[in-house]
Amino acid sequence: MARTIFDRYGGFAKINKVVSSFYDKMLDSPITSPFFANTDMKRLIDHQTKFIASVMGGPVSYTNEHIERVHTHLTITSEAYAEAMELLVETLEDFDFAPDDIQIIEDEMKVHMHYVVHKS
């Protein structure tokens with residue numbers, strides 16, 4: 001039985017560390033940090049850990065409708081999305097994810113997140 005990316009990289013414990021590091025970078029970025037001004041980061045990291053885990057083949061799943069509904073009020077620009085994706089890839093590299101796995105995660109993120117990016 002083939003192991004998922006989620007399984008190969010250590011499950012929720014490791015993914016939570018990856019997501020926490022990712023949000024440290026997001027909060028340091030002048031492009032993305034304004035999106036988190038009034039955000040409960042602990043709660044967000046918990047939700048994002050589950051979402052990233054699902055993208056990696058983990059046990060949680062989200063519908064595109066759910067993703068769109070929770071992001072629609074944010075008015076995420078193409079620039080902010082590109083910055084977030086760059087920071088995610090950088091974070092995955094920091095945690096020694098294989099290039100092929102990073103590409104799969106990036107492709108899956110694009111499938112789910114294109115619903116929430118406002119064209120500007």
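Worth saying up front: this structure is predicted, and the values here are computed from it rather than measured.

Regarding its fold elements, the protein presents 6 helices and 2 strands. Listed by position from the N terminus, the elements making up the protein come as α-α-α-α-β-α-α-β. Here the protein, with 120 residues, has 42% of them falling under the buried criterion. Put simply, 78% of the contacts in the protein that link residues at least 6 apart link residues at least 24 apart.

Our focus in this paragraph is the nonpolar core. Judged by nonpolar contacts, the single largest core of 30 residues is most densely connected at Met56, Phe97 and Ile105. When residues of this core are traced back to their parent elements, those giving at least two are helix 1 (5–8), helix 2 (11–28), helix 3 (41–55), helix 5 (78–94) and helix 6 (99–113). It is helix 5 that contributes the most residues to this core, 8 residues altogether. Setting aside residues no more than four positions away along its own chain, Phe97 makes contact with Ile5, Tyr9, Ile15, Val18, Met56, Leu92, Ile102 and Ile105.

Along its 15 residues, helix 3 runs 20 Å from first to last C-alpha, staying within 8% of the 21 Å computed at 1.5 Å per residue. Among the residues of helix 3, the N-terminal cap falls to Asp40, whose side-chain oxygen and the backbone nitrogen of Lys42 are separated by 3.3 Å. One or two steps after helix 3, the chain reaches Gly57, where phi turns positive at roughly 90°.

What follows is about the packing of helix 2 against helix 3. The interhelical angle for the contact between helix 2 and helix 3, taken along N-to-C directions, is 125°, at an axis separation of 9 Å. Judged on the interaxial angle alone, helix 3 and helix 2 are oblique. Taken as a pair, helix 2 and helix 3 cross one another with a handedness that is right-handed. Residues Phe12, Ile15, Asn16, Val19, Ser20, Tyr23 and Leu27 of helix 2 form the contact with helix 3, whose participating residues are Met41, Leu44, Ile45, Gln48, Thr49, Lys50, Ile52 and Ala53. A breakdown of the residues in the contact of helix 2 with helix 3 according to their chemical character gives 10 nonpolar, 4 polar and 1 charged.

A few words on the packing of helix 2 against helix 5. As a packed pair, helix 2 and helix 5 sit with axes 9 Å apart at the nearest point and diverge in direction by 135°. When the axis of helix 2 is compared with that of helix 5, the two are oblique. Of the two elements, helix 2 crosses helix 5, and the hand of that crossing is right-handed. Counting all contacts with helix 2, which are made through Val18, Ser21, Phe22, Lys25 and Met26, the residues of helix 5 involved are Ala84, Leu87, Leu88, Glu90, Thr91, Leu92 and Asp94. When the residues that make up the contact of helix 2 with helix 5 are grouped by side-chain class, the tally is 7 nonpolar, 2 polar and 3 charged.

Right, let's talk about the packing of aromatic side chains for a bit. Describing an aromatic ring pair means giving the distance of the ring centres and the angle of the ring planes. In total, this model carries 4 aromatic pairs according to the counting rule given. Summarising the aromatic geometry, the rings of Phe6 and Phe12 are spaced 4.9 Å apart at their centres and angled 75° between planes, so their arrangement reads as edge-to-face. An angle of 65° between the planes, with centres 5.0 Å apart, marks the rings of Phe22 and Tyr23 as edge-to-face. The buried category is assigned to Phe22, whose relative accessible area is 6%.

Here the phi dihedral of Asp96 falls at roughly 60°; this positive angle occurs in a residue that is not glycine. Among the structural elements, Asp96 can be located in the loop between helix 5 and helix 6.

Reading the values: rules and limits
Residue numbering note: each chain is counted from 1, following its sequence as written. Reporting in this predicted model follows two pLDDT cut-offs: at least 70 for local features of residues, and 80 or more for side-chain atom pairs to be given and counted; totals over whole chains, interfaces and linings ignore these cut-offs and use all residues. Note that water and hydrogens are dropped before the side-chain values are worked out from all heavy atoms of the structure. Secondary structure follows DSSP: runs of H or I at least 4 residues long count as helices, runs of E at least 2 residues long count as strands, and numbering of each begins at the N terminus. Burial classification: accessible surface area is computed with a 1.4 Å probe over protein chains only, and a residue below 20% of its type maximum counts as buried, one above 50% as exposed, and the rest as partly exposed. By definition in these notes, contact holds between two residues if any of their heavy atoms fall within 4.5 Å. Joining through side-chain atoms within 4.5 Å is the link that ties buried Ala, Val, Leu, Ile, Met, Phe, Trp, Tyr and Cys residues into a set, and such a set is a nonpolar core. By this rule, a helix spans an expected 1.5 Å times one less than how many residues it contains. Here a polar contact is taken to be a pair of N or O atoms separated by no more than 3.5 Å, where protein atoms must pair a possible hydrogen donor with a possible acceptor and residues adjacent in sequence count only if both atoms sit in side chains. All axes are obtained by fitting lines to C-alpha atoms, using only the stretch in contact for helices, and the reported angles, taken between N-to-C directions, cover 0 to 180 degrees. Note on terminology: angles under 35 degrees are roughly parallel, angles over 145 are roughly antiparallel, angles of 65 to 115 are roughly perpendicular, and the others are oblique. The sense of a crossing depends on the near helix, which, turned anticlockwise from the far helix by less than a right angle, makes the crossing left-handed and, turned clockwise, makes it right-handed. Side-chain classes follow a simple rule in which Ala, Val, Leu, Ile, Met, Phe, Trp, Tyr, Cys and Pro form the nonpolar group, Asp, Glu, Lys and Arg form the charged group, and the remainder, Gly included, forms the polar group. Working definition: a ring pair exists when centres of Phe, Tyr or Trp rings (six-membered ring for Trp) sit within 6.5 Å. Plane angles under 30 degrees give stacked, over 60 give edge-to-face, the rest tilted.

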